[in-house]
Amino acid sequence: MKELKIGFLQQHNSADTKDNLLRLAEGIGDLAKRGAQLIVLQELHNSLYFCQTEDVNNFDLAEPIPGPSTQFFGDLARQFGVVIVTSLFERRAAGLYHNTAVVIENDGNIAGIYRKMHIPDDPAYYEKFYFTPGDLGFHPIQTSVGCLGVMVCWDQWYPEGARLMALQGADLLIYPTAIGYEPSDTPEEQERQRRAWQTVQRGHAVANGLPVVAINRVGWEECGSSGIQFWGTSFVAGPQGEILYEASTDEEESVIVAIDLQHSEQVRRWWPFLRDRRIDAYADLPRRFIDQAK
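Naming follows an unreviewed UniProt entry, where the chain appears as N-carbamoylputrescine amidase of Prevotella aff. ruminicola Tc2-24.

Set out below in structure tokens:
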């Protein structure tokens, strides 16, 4: 058994970025003292979810990588000897910004970055206004605690990214997330969407024989729109899609979940999906759509 203790913080954010960072630092320290080896934070954790509106002034929130936040979390990683998965608003150049996950090694150095590939554009999720689609592809990041297949939020709906991470040796799939309810939807529709979000990621776990870690924010945030109620439900699933832990829909949580990374080997022996893939028959996958009438 190769046990990995994964800690995560499901938090509510405020407009006070200094307070958000202070609470994150306190949470990271507490998780480390409780034995966490890997700590995963939610999407765009430094601020409110600003993509609720299109406002050029919000670009002031962006920062370079390396930059102040990687220094801040790097110091914490070094102090507590933990690997941290962060999610930052990256300023690559004037007019060029990304939604970027940064993995920080336990010595405080940057192990690697991932730029969000799939960018949504829905009411109160106007991410195409802010983020250029990632250009680094789907590549896992090697760390002292394992090979991490890190993607971000909207990426979690696409099986292709998960598969590509798995094919390159990822030990687990990680999704920092910011997703919530559309206020005008009925409670029944809201519940269908929340469970669909979880179900599709559990499917990635099953199809690839890998654990999945999805960390969402929680609570009400209003930032230039009618607001979003983020639905929490951060969870860890095992390589058969089994739920190892599921957080609440409305409370902040600080949790450690132990997973057995070697169990994926056994599951893949029982269910050898990688063996049976018909790679000779998938040539059409890069096409946008296949029109059978032509």
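This is not the end of the story, as more comes after the structure.
Chemist: Can you lay out the packing of aromatic side chains for me, pointing to particular residues and giving the numbers?
Modeler: Scanning all chains against the criterion turns up 23 aromatic pairs. With centroids separated by 6.1 Å and ring planes inclined at 35°, the aromatic side chains of Trp-271 and Phe-273 adopt a geometry described as tilted. A relative accessible area of 35% means that Trp-271 is categorised as partly exposed. Overall, Phe-273 belongs to the partly exposed group, its relative accessible area being 36%. Every member of this aromatic cluster is reached through a ring pair, and the members are Phe-50, Phe-59, Phe-89, Tyr-97, Phe-129, Tyr-130 and Phe-131. When the ring centre of Phe-230 is taken as reference, the NZ or CZ atom of Arg-217 above it lies at 5.3 Å.

Chemist: Please set out the nonpolar core residue by residue, giving values where relevant.
Modeler: Core analysis: the biggest nonpolar cluster contains 44 residues, and Leu-38, Leu-148, Leu-172, Leu-173 and Ile-174 have the highest contact counts within it. When residues no more than four places from it in sequence are discounted, the contact partners of Leu-173 are Gly-149, Met-151, Ala-162, Met-165, His-204, Leu-210, Pro-211, Val-212 and Val-213. Ala-36, Ile-65, Leu-76 and Leu-88 belong to the second largest nonpolar core, which has 19 residues in total.

Chemist: A description of the packing of helix 1 (residues 17–33) against helix 2 (residues 68–80) should follow, citing residues and the corresponding values.
Modeler: Direction vectors running N to C along helix 1 and helix 2 enclose 20°, while the axes themselves pass 10 Å from each other. Compared by their axis directions, helix 1 and helix 2 come out roughly parallel. Note on packing geometry: the crossing formed by helix 1 with helix 2 is right-handed. Residue-level inspection shows Leu-21, Leu-24, Ala-25, Ile-28, Gly-29, Ala-32 and Lys-33 of helix 1 in contact with helix 2, the latter providing Phe-72, Phe-73, Leu-76 and Phe-80. Partitioning the contact of helix 1 with helix 2 into residue classes produces 9 nonpolar, 1 polar and 1 charged.

About the criteria used
- Residues numbered from 1 in each chain as written.
- Predicted model: local features only at pLDDT ≥ 70, side-chain atom pairs only at ≥ 80, totals over all residues.
- Heavy atoms only, no water.
- Phe/Tyr/Trp six-rings, centres within 6.5 Å; stacked < 30°, edge-to-face > 60°.
- Buried < 20%, exposed > 50% of the residue type's maximum accessible area, 1.4 Å probe, protein only.
- Lys NZ or Arg CZ within 6 Å of the ring centre and 35° of its normal.
- Core = buried A, V, L, I, M, F, W, Y, C linked by side-chain atoms within 4.5 Å.
- Contact = heavy atoms within 4.5 Å.
- Axes fitted to C-alpha atoms, helices over the stretch in contact; angles between N-to-C directions.
- Helix = DSSP H or I, 4+ residues; strand = E, 2+ residues; numbered from the N terminus.
- Parallel < 35°, antiparallel > 145°, perpendicular 65-115°, else oblique.
- Left-handed = near helix turned anticlockwise from the far one by under 90°.
- Nonpolar A, V, L, I, M, F, W, Y, C, P; charged D, E, K, R; others polar.

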